[in-house]
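What follows is the residue order along each chain.
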2 protein chains.
Amino acid sequence: MHSTPTMATQTVSISLGERSYPIAIGTQLLDNPATWADLPRAAAALIVTNTTVGPLYAQRLQTALHSHYASIHTVVLPDGEAYKTWETLNLIFDALLGHGCDRKTVLFALGGGVVGDMTGFAAASYMRGVPFVQVPTTLLAQVDSSVGGKTAINHPLGKNMVGAFYQPCKVVCDLDTLATLPPRELSAGLAEVIKYGPIADMSLLDWLEANMDALRAGDPLALAHAVKRSCEIKAYVVGQDEREAGLRAILNFGHTFGHAIEAGMGYGAWLHGEGVGSGMVMAAHLSQRLGLIDMALVDRLTRLIARAGLPTRGAVLDATDNAGRYLQLMRVDKKAEAGEIKFVLIDPPGSAAVRGAPDALVRSVVDACCL
Amino acid sequence: MHSTPTMATQTVSISLGERSYPIAIGTQLLDNPATWADLPRAAAALIVTNTTVGPLYAQRLQTALHSHYASIHTVVLPDGEAYKTWETLNLIFDALLGHGCDRKTVLFALGGGVVGDMTGFAAASYMRGVPFVQVPTTLLAQVDSSVGGKTAINHPLGKNMVGAFYQPCKVVCDLDTLATLPPRELSAGLAEVIKYGPIADMSLLDWLEANMDALRAGDPLALAHAVKRSCEIKAYVVGQDEREAGLRAILNFGHTFGHAIEAGMGYGAWLHGEGVGSGMVMAAHLSQRLGLIDMALVDRLTRLIARAGLPTRGAVLDATDNAGRYLQLMRVDKKAEAGEIKFVLIDPPGSAAVRGAPDALVRSVVDACCL
C-alpha cells in the first residue's frame, strides 16, 4: 500500500427530499471530530462493528465522537456473511435495550457490507426507527452497500430477504481504512466498481482499464476517484428510484447469478464481490446471446474482471444438473415475478435493461461459464 | 350476542398522501368478493392467522379471495402476546419463501392485535416491503391496533421494541367477527375505545356511559358506532403525525403504566387492554395530582372502566418496592428520553399533553392505585 496523502474531502449528495444525506469521501476523516459535528444530537450512540474491524478502528471512532454523545457503547459482531442472521441482529437490540438506549440514539455502522446491512436494519426497526450513520471500511461498502438505504439480513432460503429501505443520515468513507483491507476483499470491492461501467458509464470502464493496477496496489488517488465516481452513479440511480420500482434494479447487474452462487455454496464460501464478478461475466454472455451486445464487450469485461483478481467462471453448484440448480436458486431472487427470473442485461453498452430470458438460453450460458 | 342486522358499510379514510387507505366498517364483509376487489393484483396471497381465529374464518376469507389470486396460502401462528416474538415472525418468512412468494405478494392479517402487528412487520420486511391488508377480528384491533401502521414484535426487555411504521393498503372491520369474541377480549377492546374520550372527545365519553351495557351485550349498532368513531379519531391523529413525532403519542394514554404491567407480569398474563384499563386510572390520578383535571373526572373514568369489565387497579409487580419496579419498567418505554419517562396526561379534559412528572409523585400514584 502507498502511504496516504492528505486530500481535500469530497462530498457526493443523495437527493431524496427530507431523507437526503451527504457522502463524505477523503482521508483522515475517522479521527476528526469535525466529520461528526453535523450529526443529530442524542444522549447515547452505539457503535456496531465486528471482530476484525473493531480492534482497528472502534476506539478511534469512539474518541472522535466523545464530545458529541454523553454515552457511547460498542457492540462487536462476529465477522462474515454467514452471520448476517436474525441471531446476530438481535445482539444489537440486546445492546440497545441493555443500555437503556432511547429512540434518539444514533447507531454507527463501522465495518463492511454485512455490518452496514445489519446496523441499518437494526436502526430501521429499533423502536420503529432511530438515526444511523454508515462508516464503511471496505471498498465494497464504500462504493456500493453503504449508499442508498438498502438494509437486510439473510434467510436460509435467500439472501437479503428480510430488511428495509432505510436511509442513513450520513455516509463517511475514510479512504485510510482501505489500507488494512486484505487483497481478496479489495478485489471483491472492485467488482462493484466495475459493474457501474457497462450499465451506466462506459468512460468509467475505460478509466478502470487504465487504472486497475493502481487500484489493486492501493493507490489512494485512484481509490478516491473510484469511490467518488461509484457513489455519484449510485446517488443518481437511487435518487431516481429509491425503492427499486424500476431503474434501481440495474444496480444488481451480475447479482442474479452471483446470489445463486453465494446461496448455493453456502454464505461466506464465496465473497459477495466474487459472486458478482463471475455473475457479471454470465450476465454479459446472456446479453450477447440475446443480441444486445457484441462478443468484444464480453471479452473486454471478462479481462477486466480477471485483472481485478476476481473469478470469471461460476461455481459448480450441482454435479448432475448445475444449470437447473442455478435456475432454482434464481427463481427466489427478489426481482423474480410469478416465477419468472428477471435479469439485468447490458442494453446497449453503458446502460441496462431488466427482462426475462428463455430457460434454455440461461442454461446454455451457465453451462458455458462454470468451472 | 344479538343477531347481526345487515347495515350499510361505512368507510373512514386515513389521509397519508400516497400511503392513504380506507377502513371499511360493516357486516357481511368477509365473504363478499366485492370487499377485496380493489386490492393490488398479485400471483399470490398469504393469509396470516392464529390457532383461535384460523379455524373460524380462514377458509371463508380464502374462498372470498379465490378469484383475485391464483395461489393463496395460509400460515397459522400460535395465539397470544407471549408469541409476539422473532421466532413466530420467522414462521411467516418461512411460509413466504417456502411457497416462492415474490415481492408483489399480498399479506392478510386475519386476527387480533398480535396477528396484525406481526403480519405488518413481516410485510414491511419481506423483500423490504410487500403490500398487506388488515382484517381485524377483535374489538381492540378494529378500534386501534389495525389502524395507523404501527407494527412490531416484543423483546424480552420491552414491548413493541422492534418494528416499523408501515401502512396497510386497506383495513376491513367485519363486525360479525366480534360475535365470536370472548367477553374478556371484548372488555379489553373497550379499553381502547374509552381512551379516545378523555384525550380527544368528551362527547364520546358521554356516549360510552349511555351505551356501555349495549356494547358489552354485543349490540351491533352500538359496536358499529364505537368502531367508527374510534377509527375517525385515530385517523385524524395519525394523519397529523404518522411517525409519532408529537401528537400521535397521546394515543398511548394509559399505555405507559399498562406496558409496565404487561412486561412485569410476563406477556399474556394480563391482556393488553386490561393493562391499559388500570393504566388509564393511574394516568388520570397523575393528571389530577398535577392539577390538570379534577377528582370528579378521575372517578367518572374509573367507574366507566369498571363497567367495561376492566381492572381499575394495577398489578403488584414487586412485593418490596412496587413503585420502583414500575419506574424501572417505564424508563424503557419508547416515549422515554434520556431516562425521563414521558406520561400522556389529560390536559384539559378532551385533550392530552405528553410530559414528565416527578418520581415521587409517580410513586405516590402507583402506591395508591395498585392492588
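Residues numbered from 1 in each chain as written. Chains lettered and ligands numbered in written order. Predicted model: local features only at pLDDT ≥ 70, side-chain atom pairs only at ≥ 80, totals over all residues. Heavy atoms only, no water.

In the nomenclature of an unreviewed UniProt entry, chain A corresponds to 3-dehydroquinate synthase from the organism Rhodoferax ferrireducens. Quoted verbatim from the Catalytic activity (unreviewed entry) field of the UniProt record, the comment on chain A reads "7-phospho-2-dehydro-3-deoxy-D-arabino-heptonate = 3-dehydroquinate + phosphate". (UniProt positions renumbered as here; feature names shortened; annotations may be inferred.)

**Comments concerning the overall build of chain A**
Per the secondary structure count, chain A includes 13 helices and eleven strands. For chain A, the spread of C-alpha atoms along the three principal axes comes to 60 × 40 × 35 Å. Residue burial in chain A is summarised as follows: out of 371 residues, 61% are buried. Taken as a whole, chain A presents about 12,600 Å² of accessible surface, with 52% of it coming from carbon and sulfur. Computed over 30 positive and 35 negative side-chain charges, the separation of the two mean positions in chain A equals 3 Å. (Helix = DSSP H or I, 4+ residues; strand = E, 2+ residues; numbered from the N terminus. Buried < 20%, exposed > 50% of the residue type's maximum accessible area, 1.4 Å probe, protein only. Areas by Shrake-Rupley, 256 points an atom, 1.4 Å probe, with all protein chains shown as cover. Lys, Arg positive; Asp, Glu negative; His and termini not counted. Charge placed at Lys NZ, Arg CZ, Asp CG, Glu CD.)

**Focus: the relation of the copies chain A and chain B**
For these two chains of identical sequence, chain A goes onto chain B by a turn of 180° and a shift of 0.0 Å along the axis, with RMSD 0.0 Å. Such a combination of turn and shift is consistent with a two-fold rotation axis. Proximity to the rotation axis, assessed at the C-alpha, singles out W86 of chain A in chain A; its C-alpha lies 4.1 Å from the axis. When the interface residues of chain A are mapped onto chain B, 100% of them are again interface residues, pointing to one common binding face. (Least-squares fit on C-alpha atoms with pLDDT ≥ 70 in both. Contact = heavy atoms within 4.5 Å.)

**Digging into unusual backbone geometry**
Cis geometry marks the peptide bond from D347 of chain A to P348 of chain A, where omega comes out at -15°. Looking at the secondary structure, you find P348 of chain A in the loop between β10 (343-346) and β11 (352-355). You will see that R128 of chain A, though not glycine, has its phi angle at about 65°, which is positive. Its identity as a non-glycine residue notwithstanding, M127 of chain B has a phi of 50°, on the positive side. The topology assignment puts M127 of chain B in the loop between α3 (113-125) and β6 (132-136).

**Looking at the packing of aromatic side chains**
Two aromatic rings, taken as a pair, are described by how far apart their centres are and by the angle between their planes. All chains considered together, the criterion is met by eleven aromatic pairs over all chains. Ring centres of W86 of chain B and F93 of chain B lie 5.8 Å apart, and the angle between their planes is 40°; on these two criteria the pair is classed as tilted. Of the residues examined, F93 of chain B reaches a relative accessible area of 0% and is grouped as buried. Following the ring pairs from residue to residue traces out a cluster consisting of W86 and F93 of chain A together with W86 and F93 of chain B. Above the face of the Y196 of chain A ring, K195 of chain A is positioned so that its terminal group lies 5.2 Å from the ring centre. When the ring centre of F165 of chain A is taken as reference, the NZ or CZ atom of R128 of chain B above it lies at 5.9 Å. (Phe/Tyr/Trp six-rings, centres within 6.5 Å; stacked < 30°, edge-to-face > 60°. Lys NZ or Arg CZ within 6 Å of the ring centre and 35° of its normal.)

**A word on the UniProt feature "domain: 3-dehydroquinate synthase C-terminal" (unreviewed entry) in chain A**
Per the UniProt record, "domain: 3-dehydroquinate synthase C-terminal" (unreviewed entry) is found at residues 189-336 of chain A. Summarising residues 189-336 of chain A: 67% helix, 0% strand, and an end-to-end C-alpha distance of 26 Å.

**Concerning the environment of L223 of chain B**
Looking at where L223 of chain B falls in the secondary structure, it is placed in helix α7 (residues 220-240). When the C-alpha positions of L223 of chain B and V143 of chain B are compared, they lie 9.9 Å apart, and in sequence the two are 80 residues distant.

**Side note on the state of the cysteines**
Defined simply, a disulfide is a covalent bond joining two cysteines at their sulfur atoms. Residues and elements named next belong to chain A. Applying the stated rule across the entire model yields zero disulfides over all chains. In this structure C101 is not part of a disulfide, and its nearest cysteine sulfur, from C169, lies 15 Å away. Exposure remark for C101: the relative accessible area of 3% places this residue in the buried category. Of all cysteine sulfurs in the structure, the one in C370 sits closest to C369, which takes part in no disulfide; the separation is 6.9 Å. (Disulfide = S-S within 2.5 Å.)

**Brief notes about the sheet that holds strand β4 (residues 69-77) of chain B**
Residue and element names in this part refer to chain B. Strand order in the open sheet made by the seven strands is β1-β2-β9-β6-β5-β3-β4, with mixed pairing throughout. Strand pairing shows two members of the sheet lacking a second neighbour, β1 (10-14) and β4, which therefore form its edges. Pairwise comparison of adjacent strand axes, ignoring direction, gives a mean angle of 15° for this sheet. One ladder, built from eight bridges, connects strand β3 (residues 42-50) with β4; its direction is parallel. Looking across to β4, one finds that N50 is bridged to L77. Helix-sheet contacts for helix α1 (residues 54-65) involve β3, β4 and β5 (106-111), and the interaxial angle to β3 is about 165°. Sheet contacts for helix α2 (residues 86-98): β3, β4 and β5; angle to β4, the most-contacted strand, approximately 155°. (Pairing = 2+ DSSP bridges. Axes fitted to C-alpha atoms, helices over the stretch in contact; angles between N-to-C directions.)

**Re the interface of chain A and chain B**
Opposite the 37 residues of chain A that make contact, chain B presents 38 residues. Buried surface at the junction of chain A and chain B, both sides included, amounts to about 3,200 Å², of which 59% is carbon and sulfur. Seen at the junction of chain A and chain B, the total is four salt bridges. As a salt-bridge pair, E337 of chain A and K104 of chain B come within 3.8 Å of each other at their nearest N and O atoms. Linking chain A with chain B are 14 residue pairs in polar contact (both at pLDDT 80 or more), by the criterion used here. Mapped by element, the contributors of at least two residues to the side of chain A that touches chain B are α3 (86-98), α4 (113-125), β7 (150-155) and β8 (158-165) of chain A. A breakdown of the residues in the side of chain A that touches chain B according to their chemical character gives 19 nonpolar, seven polar and eleven charged. (Buried area = accessible area lost by both parts, 1.4 Å probe. Salt bridge = Lys/Arg side-chain N within 4 Å of Asp/Glu carboxyl O. Polar contact = N/O pair within 3.5 Å; in protein donor to acceptor, adjacent residues only side chain to side chain. Nonpolar A, V, L, I, M, F, W, Y, C, P; charged D, E, K, R; others polar.)

**Looking at the pattern of salt bridges**
Residue and element names in this part refer to chain A. All told, the structure shown has 48 salt bridges over all chains when counted by the stated rule. The partner of E81 in a salt bridge is K84, and the shortest N-O contact between them spans 3.9 Å. Like E81, the residue K84 is buried in the burial classification. Notably, a salt bridge pairs K159 with E81, separated by 2.6 Å at the nearest N-O pair. Here K159, found in strand β8, pairs with E81, found in the loop between β4 (69-77) and α3; they are 78 residues apart in sequence, far enough to count as distant. Of the two residues, K159 and E81, both sit in the buried class.

**Some words on the nonpolar core**
The biggest cluster of nonpolar side chains holds 79 residues, and the ones touching the most others in it are F257 and Y326 of chain B. It is α7 of chain B that provides the largest number of residues to this core, a total of ten residues. The residue makeup of this core includes at least three contributed by each of domain 1 (10-180) and domain 2 (183-369) of chain B. Core analysis: the next-biggest nonpolar cluster, separate from the first, contains 78 residues, I14, L186, M282 and L304 of chain A among them. (Core = buried A, V, L, I, M, F, W, Y, C linked by side-chain atoms within 4.5 Å. Domains from an automatic or database assignment.)

**Details of the sheet that holds β4 of chain A**
All names here are of chain A. Sheet architecture is open: seven strands sit in the order β1-β2-β9-β6-β5-β3-β4, paired in mixed fashion. Looking at the sheet topology across the chains shown, the edges are occupied by β1 (10-14) and β4. Pairs of neighbouring strands in the sheet enclose a mean axial angle of 15°, with direction left out of account. Sheet analysis places strand β3 (residues 42-50) next to strand β5 (residues 106-111), joined by four bridges and oriented parallel. Among the inter-strand pairings, L46 is bridged to a residue of β5, identified as L107. Contacting β3, β4 and β5, α3 runs over the sheet at an angle of about 155° to β4. Packed onto the sheet, helix α8 (residues 220-240) meets β1, β2 (21-26) and β9 (170-174) and runs at close to 15° relative to β1.

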